[in-house]
Each structure stands twice: as C-alpha cells, then as structure tokens.
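One-letter residues, chain by chain:
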Amino acid sequence: MTKTLLRFTTIKLNVIITGEIKVNKKLGNENTVKRFVCKLLFTTVFILILLSYSAFVSSIASVRAAEPDINDKMMAILNNVVGLNTEDYVVNITSNPDREYRGLLQKDVDATLYSVPNYTWVMDVKAYFVNDNVRMIYISYPELPAEYPPADTTVEMAKGLLERYQNYTGVSFYGELASMLDDVDATNNITKSAGNIRLEVNNFENVIADYSWRYIDEKGIVARSKSVLLEYERGRLKGFSNDWHLYTIGGTPKISGEEATEIAIEASKNYSYEVSTENGTLTVTGFEIAPESLGHEVLSYLNNPNPSLARGGDPFTLYPSWYVPIGFRQSYPGGVTGMIVTVWADTGEVSVTNPMVVVIPEVLSCGLMLLLLMTTLVAIICKQKLAKTRI
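Residues numbered from 1 in each chain as written. Predicted model: local features only at pLDDT ≥ 70, side-chain atom pairs only at ≥ 80, totals over all residues. Heavy atoms only, no water.

Participant: Give me the lowdown on the packing of helix α3 (residues 70-82) against helix α4 (residues 154-169), citing residues and values where you can.
Facilitator: Contact geometry of α3 with α4 gives a least axis separation of 8 Å together with a crossing angle of 135°. The orientation of α3 relative to α4 falls into the category oblique. Across the interface between the two elements, Lys73, Ala76, Ile77, Asn80, Val81 and Val82 of α3 pack against Leu161, Arg164, Tyr165 and Tyr168 of α4. Split by residue class, the contact of α3 with α4 holds seven nonpolar, one polar and two charged. (Axes fitted to C-alpha atoms, helices over the stretch in contact; angles between N-to-C directions. Helix = DSSP H or I, 4+ residues; strand = E, 2+ residues; numbered from the N terminus. Parallel < 35°, antiparallel > 145°, perpendicular 65-115°, else oblique. Contact = heavy atoms within 4.5 Å. Nonpolar A, V, L, I, M, F, W, Y, C, P; charged D, E, K, R; others polar.)

Okay, structure coming up:
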C-alpha cells in the first residue's frame, strides 16, 4: 500500500509541476507562480501525513496479527467449556491490564452476558489465563434461584464440564478426573483416591457442592496447590480453577515427623524476636517449650508463592515440608505463645520460623474486663450473704 501511494504521489507531483509550469510560461504571471508554490507545499505536506498514517496503521495491524486474540479465547471458553451458546446472548468482553501471577504473566478478561431480546443482565464471567491456558473461571449472577435441584445433580454437571474441557484442550487427564465421579453421591461428603489423585466432595447443606482433585504421593501426602476445583451453588456453576498443569513435584520425604520436631526444637533455642517497649526495643529469647504441645507436625508439598523467596527461585516446584507447631509454657512479650517451624522433609533444613501470637482485640479485652468485674462483684455479694446466713 505504501509503495502504491508513493507511486501515485510522484505522478501527482509531476502532473502538478509540469502543468503549472506550462501555464505559467504562457501567462507569465508572478502571482500565479506564488499560488503554484503554495499549492505544491500544501500537497506535499498532506501526502507526507497520509504516508505516515498508512505506515502506522500497517504496523498496528501486524502487531495484532502476531498475538492470539484473547477475546476469541474467552468466547471459546464460554461456548466449549462453560457450555453456553453465546448466540443466545449479547456478550460484552473487556480485557484488563496484564498482571503477574507468581512470576508468570496473567491475562484477565471479563465477559458480561445479556439476554436477547430484552437485554437484561444474566451473568458476569471472569477468566484468568496463564501460559495461554485458563487458570480460573468465576461466575456471578444477579440472583440465584430460590428453588433449585438437589446437590447430587451437580455430579453430572461436573462430569460434563470436565469432558468438555478435555475436548477443548485435547488432554486426556481431565477425562480421568471426570471418571472419578462415577457412582459419587454429592449429597454426602466423600473422599476417594486413584493413583496420584485424591477427590474430595463437600456438600454444604445441599446449597453448595465443592469438587476438588489434588495431587497425592504414594504415601498419601497432599500437594494442595496442584489441583483442579469446581464449585456449584444452587445448581449453578460458580467457579472453576485449574492449577494442576502449573505445578511440578520436586524431592521426596526422607525425614520423619519425630526428626522434624527435634530439628524444630533445636531451631527454637536460637530463635529470638524484637518487641517495642516504653524503654526501647527488647530482644526476647530463651523460650521454655511445653512438652504437651509437641507431636502435631503435618507433612505436605509446598513452596513460597513469591519467586524471590521460593526455594530454587521457582514457586511452581513443590517440595515436601514438615509443619511443626511448638507451644511455650507462658506468654512472652508481644503476646507470643509459641512458634511455627517448617522443615524441608527431603533435606532436613529449616525453611521458616515464625512466632505464634495471640492478640485479644480491644473490644473483647474490655468485655473480658467487664465480665471479670461482674464475676468479682457477684462473688463478693454471695460471700456477704453467706456470712449473714451463718450469723
């Protein structure tokens, strides 16, 4: 287009110049020459602006063509995953500014659906894309029905969504998740496992039904972040979350819970914290452990979500870690009653040490003081009446 426009410009200028010169030679008019120069300058500036705009439009078009259309992806999710027929709605899609999700680029898209032909709001759908895959879908409605089918009907809804998602992605794994719903009764809370997948179904008063598939290792240790989640409320889809494909498992547990507790106790001997007082900063150390608080360690797979703090610099690699709570015999300055120690189960290294703090809100504190005062007054009155009775 630019070359054609340039060729047209050259011909145009030649016609103007040669034509005007011939006329000017015949007329020999000085004013005519001036008008000719002005006309020539105006035409040149106009064509240069036109050329610049053409180049700008071409560059924008090429950039847009090089990027996948996030709006098309959103429409595909609505039709092929959620299971809507978008031809029955007016759909307004808004792409929000990109943001980070644990160091990865995340694209956020909102879709508002209106009914046809009365144009009333039907639902809002929020979708979050990471690595060109949908990570989360959240749906909100203007209102939920007062009458709705029993929670058990959501089993087939969940199977249908997972099967559609399998067809959409071409990944057979989601078909495996769907098959785990065979013979599931969602009116009851259920836990079942198949290989490295644990399914939990939770029913909340037959109003909300939650389905969660999480990774487990050969010993049944859970990696909660590596998951696929579905939520239904009153028979309608509310949320879909898929973080399974983002996470990998690194390392295997090598130390026991008792060994992790011993490591945590040693770490407590060197632990200290600072608290501000009227006389300045006080360093608190030398904690006395309550033996009855030990023995409640929990093993799981995790990592810090912050890339700068994550082990190995990758928050999406999960490692086995012991969570070891330790209680103290007394409350130390600042309301510290114990500490939490996390120990990497594959290396035995201490990951994090944090205090356990008990803070009584001011309102609650006043209430406790009032209760204590009333209790004291009642005790005094009872004591006086008892004394008079004895007399």
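Participant: Hey, could you go over empty space enclosed by the protein for me, with residue numbers and the actual values?
Facilitator: All chains considered together, the criterion is met by one cavity of 30 Å³ or more. When its volume is computed, the largest cavity comes out at roughly 50 Å³. Together, 13 residues line the largest cavity, and Ala151, Asn206, Val207, Arg234 and Gly235 are the ones closest to its centre. (1 Å grid on protein atoms, 1.4 Å probe; cavity = no way out; pocket = protein on both sides within 12 Å on 5 of 7 lines; lining within 4 Å. Points joined across faces, edges and corners; volume = space filled by probe spheres on them.)

Participant: Account for α4, with residues named and values stated.
Facilitator: For α4, with 16 residues, the first-to-last C-alpha span of 22 Å sits near the 22 Å given by 1.5 Å per residue. Buried residues of α4: Thr154, Val155, Ala158, Lys159, Gly160, Leu161, Leu162 and Tyr165, and no others. Buried residues belonging to α4 abut α3, β5 (133-140), α5 (173-179), β8 (208-216), β9 (222-233) and β10 (236-242). Looking one or two residues beyond α4, the residue adopting positive phi is Gly170, at roughly 75°. (Expected span 1.5 Å × (residues − 1). Buried < 20%, exposed > 50% of the residue type's maximum accessible area, 1.4 Å probe, protein only.)

Participant: How would you sum up helix α6 (residues 257-269)? Please name residues and give values.
Facilitator: For α6, which comprises 13 residues, the first-to-last C-alpha distance of 19 Å matches the rise-based estimate of 18 Å (1.5 Å per residue) to within 8%. Here α6 has its buried residues at Gly257, Ala260, Thr261, Ala264, Ala267 and Ser268. Viewed end-on, α6 has its buried residues packed into an arc of 120°, placing them on one side of the element. Set apart from the buried face of α6 by more than 90 degrees, the exposed residues are Glu258, Glu262 and Lys269. Along its buried surface, α6 packs onto β15 (317-332), β16 (336-344) and β17 (350-357). (Arc of directions from axis to C-beta.)

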